[in-house]
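The lines below spell out each chain.
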Amino acid sequence: MAAGGTLCGLVAALESYRGRDRAVRALCYGCQLAGGALGGRQSPAVGLSGSLLAVSAQLSHCRTVLRLFDDLAMLSYSRGYGLGPEDEDAVVRGLSVLCNVADQLYYPCEHVAWAADAGIVPASSSKWWEASTRLWGLSLLLGILRSLRILFQLRKKLRQQKCTSSPQDRKKMKAQVKSEVLSIVSNMADLANAIHWLPPGFLWAGQFPPWLVGLLGTISSLIGIYQASRESNSGAV
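Just so it is clear, the model here is predicted, and its values are computed rather than measured. (Residues numbered from 1 in each chain as written. Predicted model: local features only at pLDDT ≥ 70, side-chain atom pairs only at ≥ 80, totals over all residues. Heavy atoms only, no water.)

*Asks:* Mind showing me how you'd approach unusual backbone geometry here?
*Replies:* Most peptide bonds adopt trans geometry, and most residues besides glycine take a negative phi value. A positive phi angle, close to 50 degrees, is found at Leu-203, a residue other than glycine. Here Leu-203 is to be found in the loop between helix 7 (167-196) and helix 8 (210-236). (Helix = DSSP H or I, 4+ residues; strand = E, 2+ residues; numbered from the N terminus.)

Dropping the structure here:
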């Protein structure tokens, strides 16, 4: 029964766009981690290492193509959030709005870069890839700052309500703390990769070996899958 439930849950996740994207992302970075580790310092990678890195590159390209359809979903989310609920902390609202703007601008930049690489538009793709990577990095940085602000508020609330809040409320707040900590770790792993993909000369841009890029991406991907699973289970209760 347990195995059957797990299989049904996996199938249900893969039938949704977001669930499938999470799985493809994890597999993409997992292949890069394995391929990079097997290849060591050998360049170009050959044999199994080269095959795994090739699979990773194809899966990454697949996700890029599928993101061509994400603009409207992002626009709908941004419009729904607006300037944020009035009862939310002003700093959190401001960071969330800026994060939504960065995410919204990211997609068209990536689309133009993809179209330039495919020969659809007569443009240099490098500057558009750089712009999209910078916007992604900015979004991740804003997300980290937002999570840190929420963590500060939660820890303050936990101290203030230590003797007055119910065990259920404290358990809920601790679960929120855990979620924000995981979000920070995930965003920091992705931000490290985003900086790596910037033009050389900025911090550690261009200096990560493939296995490290794969490791950071795998950590971020597994956290995303775990958080989505927790949200799904809590919603089903």
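*Asks:* Would you explain helix 2 (residues 17-39) in this entry?
*Replies:* Look at helix 2: 32 Å from first C-alpha to last across 23 residues, which is about the 33 Å you get at 1.5 Å a residue. Those residues of helix 2 that fall on the buried side of the exposure criterion are Gly-19, Asp-21, Val-24, Arg-25, Ala-26, Cys-28, Tyr-29, Cys-31, Gln-32, Gly-35, Gly-36 and Gly-39. Where helix 2 ends, the next residue or the one after it, Gly-40, has phi of about 60 degrees, a positive value. (Expected span 1.5 Å × (residues − 1). Buried < 20%, exposed > 50% of the residue type's maximum accessible area, 1.4 Å probe, protein only.)

*Asks:* Sorry if this is basic, but what is going on with a nonpolar patch on the surface here?
*Replies:* A cluster of nonpolar side chains, Val-181, Val-185, Trp-211, Leu-215 and Ile-219, forms an exposed patch at the surface whose accessible area comes to about 370 Å². Looking at the nonpolar patch, the elements that each hand over two or more residues are helix 7 and helix 8. Mapping Ile-219 onto the fold places it in helix 8. (Patch = residues over 30% accessible without salt bridge, like charges linked within 9 Å, V, L, I, M, F, W, Y side chains within 5 Å. Areas by Shrake-Rupley, 256 points an atom, 1.4 Å probe, with all protein chains shown as cover. Salt bridge = Lys/Arg side-chain N within 4 Å of Asp/Glu carboxyl O.)

*Asks:* Help me understand the packing of aromatic side chains, please; the structure alone is not making it clear to me.
*Replies:* Aromatic ring pairs are reported here in terms of the distance separating the ring centres and the angle at which the planes meet. Per the counting criterion, the structure on display carries three aromatic pairs. Pairing Tyr-106 with Tyr-107 gives two aromatic rings, centres 5.4 Å apart and planes at 75 degrees, and the pair type is edge-to-face. Residue class for Tyr-106 comes out buried when judged on its relative accessible area of 14%. (Phe/Tyr/Trp six-rings, centres within 6.5 Å; stacked < 30°, edge-to-face > 60°.)

*Asks:* Got a minute to help me understand the packing of helix 2 against helix 3 (residues 47-66) in this structure?
*Replies:* Between two packed helices, what matters for the description is the angle formed by their axes and the separation of those axes. It is the contact of helix 2 with helix 3, at a shortest axis distance of 8 Å, that shows an interaxial angle of 155 degrees. Taken together, the axis directions place helix 2 and helix 3 in an arrangement best described as roughly antiparallel. As helix 2 packs across helix 3, the resulting crossing turns out to be left-handed. Residue composition of the contact of helix 2 with helix 3, grouped by class: 13 nonpolar, seven polar and three charged. (Axes fitted to C-alpha atoms, helices over the stretch in contact; angles between N-to-C directions. Parallel < 35°, antiparallel > 145°, perpendicular 65-115°, else oblique. Left-handed = near helix turned anticlockwise from the far one by under 90°. Nonpolar A, V, L, I, M, F, W, Y, C, P; charged D, E, K, R; others polar.)

*Asks:* Where do I start with the environment of Asn-187 in this structure?
*Replies:* The topology assignment puts Asn-187 in helix 7. Take Asn-187: its relative accessible area is 17%, and that puts it in the buried class. Sequence-wise, Asn-187 and Gly-9 are 178 residues apart; in three dimensions their C-alpha atoms are separated by 26 Å.

*Asks:* What's the story with the environment of Arg-18 in this structure? I'm lost.
*Replies:* Here Arg-18 lies in helix 2. Sequence separation between Arg-18 and Cys-8 is 10 residues; the distance between their C-alpha atoms is 16 Å. Setting aside residues no more than four positions away along its own chain, Arg-18 makes contact with Asp-70 and Ala-73. (Contact = heavy atoms within 4.5 Å.)

*Asks:* What am I meant to see in the pattern of salt bridges here?
*Replies:* A side chain of one charge can pair with a side chain of the opposite charge if their charged atoms are brought near each other. Counted under the stated rule, the structure contains six salt bridges. Of the charged contacts in the structure, one is a salt bridge between Asp-21 and Arg-63, with a shortest N-O distance of 2.9 Å. Of this pair, Asp-21 sits in helix 2 while Arg-63 sits in helix 3, placing them 42 residues apart in sequence. Using a relative accessible area of 14% as the deciding quantity, one classes Arg-63 as buried. A salt bridge links Asp-89 to Arg-149; its shortest N-O distance comes to 2.9 Å. Of this pair, Asp-89 sits in the loop between helix 4 (71-81) and helix 5 (90-117) while Arg-149 sits in helix 6 (residues 125-160), and the two are 60 residues apart along the sequence.

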